[in-house]
Number of protein chains: 2
Amino acid sequence: MSEIRQDISTNEWVIIATERAKRPHDFMKPPKQLPPEFDPKCPFCPGNEGMTPPEVLGYRQGGGANAPGWWIRVIPNRFAALSRRPGDGEPKRDIEGGFFRKMDGVGRHEVLLETPKHNLYFPNFTDKQAEEVAIALRERYLALHHEPNIKVVIIFKNHGESAGTSLLHPHCQIVATPIVPQSLRRRLATATRYFDDNGGCLYCDYIEAERKAEKRVVEDSAKFFVVHPYASRSPFETWILPKSHAASFGNQDIDSTKELGHVLKRVLGKISTMLGNPDYNIVVHTAPVNEENEDYFHWHLRIIPRLTMMAGFEIGSGIFINTALPEETAPALREAKAL
Amino acid sequence: MSEIRQDISTNEWVIIATERAKRPHDFMKPPKQLPPEFDPKCPFCPGNEGMTPPEVLGYRQGGGANAPGWWIRVIPNRFAALSRRPGDGEPKRDIEGGFFRKMDGVGRHEVLLETPKHNLYFPNFTDKQAEEVAIALRERYLALHHEPNIKVVIIFKNHGESAGTSLLHPHCQIVATPIVPQSLRRRLATATRYFDDNGGCLYCDYIEAERKAEKRVVEDSAKFFVVHPYASRSPFETWILPKSHAASFGNQDIDSTKELGHVLKRVLGKISTMLGNPDYNIVVHTAPVNEENEDYFHWHLRIIPRLTMMAGFEIGSGIFINTALPEETAPALREAKAL
C-alpha cells in the first residue's frame, strides 16, 4: 500500500508509491550530446552581445559594456514576460463585467549568463565562477527589490528542453513581479500559523527534524542543509536551506552567498553524474519584498530534476504521485561523485 | 506590455504575453504516426484481458467477463496509486517527530478502456461510443463515491507521452482519494466566498459573463458551454461547463451525460484537426463526496493541450505565462472542423 505524506510548507498531500517505487539508479537518463563551446547563432555567446538588449551588469576585466571579455553578464530578457513601464507609474488595474480582472504586466525580466562558454554547465565551473554566479544573483536581487511596483523577486533556472528552455547557453532568470503569487501567500500563511502556534520558524524546526531523522539528508555543511524532503513531489527533488534563519535571499551576506555557489556546484554535480545530466529546474523561494525581515519565512532553493511527466491527476488535483522514496534517493545522492 | 489576469476559480494570476503571443495556427504539431489497430503486447487490447486485474465493469454483448467482446471495459489499475484496504477499515494516520505526517494510501484507482481498438481516438468514435464512455464514467463515479473512506472521485485522461501516459491504448483513469486535495479546498473556498457575497454560483455567473463577452466562446449548445477562459493558463486550455447548476459530476442525468459525450467528441475533434492530434490532459473538477449537493460549486471539465512546457517560473511561483490569447484561440477553434 502506498503512503500519503503531507508537505509541511503547503499542507498539500503527496502520494509516495512505495510499492512500485523505482530504485534510485533507475532514473538514469541516456547521455545527451554536448553542444559546441561556441555557437555563432547563440545570442548569449561572446561576440553576439549586440543580439541582446544592453546589459545591466557585467563581470569583466577591461573591455567595455556589451562587448566580449565578460565572465558573467546580466541582460533584460528580449522576450520579457513583464517589463518596465515608462515613468514607473502604478500599473493600471481594471475589472470588466465583474469577472475579468487584469493589470498591466509591469515588472522586470532579466537573464543572467553564467559563463561565456555555450556548453559549460554549473558542475564544471571553477569554485570561483560558481561563487560569482551566486554573488551576481544576489546583486541583481538587491538592485531590483526596491524598484517601484516590485512585490517579489523570483529567481529560477531552466536546464534542458524538458525543463522549458529553448536556449542551451547556461543561464538563470530573474522575474520581479508587481503581485505576490497566491502560492507564496499560502506558504507564508502556513509558516505564520506555525510561528503563532510554536513561536519558531517552521523551516528552522523542519531542518532540525530532518537532521534528527537522518535518512533524507544529502549534506549538512557549515551554512547549508541539503535534504530530499519527506513529502518530495518528484524523484530527487532537492531542497537547499540556509542554516541560519533569513526570510529573504537578499539577506544573506557575501560569505554565505559564496558558500551557496559551492553547495550548488556540488549538488548539481552529484545529480549530473548520478542521473546523466538530466534536465532540471531550480527555483528560489523567498519572502515578498515587504516581508524580508520576518521571523516566519525562510528562504530556500529547490532543485527539481525533470525525470517524470506531470499528468492529468497532478494537474487536476494538485496531488503529485512520486515513484521514488526520498529515503532511498538521498543516501544514493549523498554517495554520488560531484564530478 | 503583457497583461496579468486573475483566474476566477483560484484568484491566481496568469501572465498573458500579449505582445509576443503566437497566432493560433503556430501551435500546430507535426503529425505523429498512428499505432496499429491491435498490439499483441498491449494489456488493454482484446484477447489480453488476462494481463489486467479482473474487470469491475464491461459493456459487452454476450461473452463472459474478462474475455473479448466488450466495447468498454473498466479494470483496477495494476499499478494503483491508491488501493483498497482489506476490511475497508479507516486508513491509519501517523505523525512522527511532529513534522512527518502520513496516512495509508487507501482509495481506488481504475482504468476505463474507451474502445477495444488500440488506435481509435475519441474524435473518431461513433456518437454512440462517445456517449457510452461518458455513461460508463458516470457509472463508476456513482459506484465509488459512497465506498468507505472516499472523499473525492477524480476523473482524468492522459493522451500522449508528453501528457504523462506510457500506454497508448485510449483510456481514462479514475482515482478515488481518502483526502480532499488542498487545491480543491481552495476552489471551494473561493466559490463559497463568492456565493456568500453574491448569493449565486460563481461558475453560473461566470458562464453568463463569458456569454456576454462573446469573444472567448467556443460553443454554446443546449446543455454545455465551452470556453477558452479569460485567464487561460496555457494555449487552447478549454473548459466545458454544464449550463444547469450541479456541484457534482455524479449529479447529471443520462441525457446530459450523453450530450457530454457528443460535446467532448466534437471539441477534441476540433483540437485534433487544428493542432495535429496534440497530446493533452482532461481533468474533471467535481465537488467532494460530502458536498455534492451544494449551491456553491459547479462541476466542469478542462482540456489542457500540452503545447508548451511548464518551466521554473511556473513551478516556483504558480503563475503561468501563456503565449496565446484566448480571444484568438477560441474563434479559431470555433471555426475548426470537428474531423
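Bear in mind the structure is a predicted one, so any value in this text is a computation, not a measurement. Going along each chain's sequence as written, the residues are numbered from 1 onward. The order in which chains are written sets their letters, starting at A; the order in which ligands are written sets their numbers, starting at 1. Under the rules for a predicted model, residues below a pLDDT of 70 receive no local features and side-chain atom pairs below 80 are neither given nor counted, while totals for whole chains, interfaces and linings still include all residues. Excluded from the side-chain calculations are hydrogens and water; all other atoms, namely the structure's heavy atoms, are used.

### Here's the deal with unusual backbone geometry
Residue and element names in this part refer to chain A.
Line of reasoning, step 1. The phi dihedral of E214 falls on the positive side, at around 70 degrees, and the residue is not glycine.
Line of reasoning, step 2. In this description a helix means any DSSP run of H or I spanning at least four residues, a strand means any run of E spanning at least two, and both kinds are numbered starting from the N terminus. Tracing the backbone through its elements, the reader meets E214 in the loop between α3 (202-213) and β10 (217-220).
Line of reasoning, step 3. We call a residue buried when its accessible area falls under 20% of the maximum for its residue type, exposed when it is over 50%, and partly exposed in between, using a 1.4 Å probe and counting protein chains only. Using a relative accessible area of 57% as the deciding quantity, one classes E214 as exposed.

### Describing the pattern of salt bridges
Line of reasoning, step 1. A side-chain nitrogen of Lys or Arg and a carboxyl oxygen of Asp or Glu constitute a salt bridge if their distance falls within 4 Å. Here the structure, examined in full by the defined rule, presents 42 salt bridges over all chains.
Line of reasoning, step 2. Between R60 of chain A and E55 of chain A there is a salt bridge, with the nearest N and O atoms lying 2.5 Å from each other.
Line of reasoning, step 3. Overall, E55 of chain A belongs to the buried group, its relative accessible area being 14%.
Line of reasoning, step 4. Linking D127 of chain B and K265 of chain B is a salt bridge whose minimum nitrogen-to-oxygen distance equals 3.9 Å. Of this pair, D127 of chain B sits in helix α1 (residues 127-144) while K265 of chain B sits in helix α4 (residues 254-275); the two residues are 138 residues apart in sequence, bridging distant segments of the chain.
Line of reasoning, step 5. D127 of chain B sits in the partly exposed class, given a relative accessible area of 42%.
Line of reasoning, step 6. Three or more residues are tied together by salt bridges with common partners; here these are E3, R5, E210, R216 and E327 of chain A together with K102 of chain B.

### Comments concerning the packing of α1 of chain B against α4 of chain B
Residues and elements named next belong to chain B.
Line of reasoning, step 1. In the contact formed by α1 and α4, the axes pass within 8 Å of each other and the chain directions differ by 125 degrees. Taken together, the axis directions place α1 and α4 in an arrangement best described as oblique. In terms of crossing hand, the pair formed by α1 and α4 is right-handed. Contacts between α1 and α4 involve D127, A130, E131, A134, I135 and R138 on the former and, on the latter, I254, T257, K258, G261, H262 and K265.
Line of reasoning, step 2. Put simply, Ala, Val, Leu, Ile, Met, Phe, Trp, Tyr, Cys and Pro go in the nonpolar bin, Asp, Glu, Lys and Arg in the charged bin, and everything else, Gly too, in the polar bin. Its residues assigned to classes, the contact of α1 with α4 shows 4 nonpolar, 3 polar and 5 charged. Geometry is summarised by axes, namely lines fitted to C-alpha atoms with helices restricted to the contacting stretch, and by angles between N-to-C directions that run from 0 to 180 degrees. In these notes the angle categories are as follows: under 35 degrees is roughly parallel, over 145 is roughly antiparallel, 65 to 115 is roughly perpendicular, and the rest is oblique. Crossings are assigned a handedness: left-handed for a near helix turned anticlockwise from the far helix by less than a right angle, right-handed for a clockwise turn. Note on contacts: a residue pair is in contact if any heavy atoms of the two residues lie within 4.5 Å.

### Quick look at the interface of chain A and chain B
Line of reasoning, step 1. Across the boundary between the two partners, chain A contributes 70 residues, which contact 70 residues of chain B.
Line of reasoning, step 2. Note on definitions: buried area is the accessible-area loss of two parts on being combined, 1.4 Å probe, summed for both. Between chain A and chain B, roughly 5800 Å² of surface is buried when both sides are summed, and carbon and sulfur atoms account for 68% of that area.
Line of reasoning, step 3. Of all residues in chain A, M1, F99 and F100 of chain A give up the largest surface area on contact with chain B, accounting jointly for 14% of the area buried on that side.
Line of reasoning, step 4. In this assembly, chain A and chain B are joined by 2 salt bridges.
Line of reasoning, step 5. Within 3.5 Å is the distance limit for a polar contact, defined as a pair of N or O atoms, with the added protein rule that one can donate a hydrogen and the other accept it, and that residues adjacent in sequence qualify only through two side-chain atoms. Here chain A and chain B share 20 residue pairs in polar contact (both at pLDDT 80 or more) between them.

### Structural notes on the relation of the copies chain A and chain B
Line of reasoning, step 1. What sets the superposition is a least-squares fit of C-alpha atoms, and only residues with pLDDT of at least 70 in both copies go into it. Turning chain A through 180 degrees and shifting it by 0.0 Å along the axis lays it on chain B, with an RMSD of 0.0 Å. Such a turn and shift between the copies fits a two-fold axis.
Line of reasoning, step 2. When you check the interface residues of chain A against chain B, 100% turn up at the interface there too, and the contact is symmetric in its surfaces.

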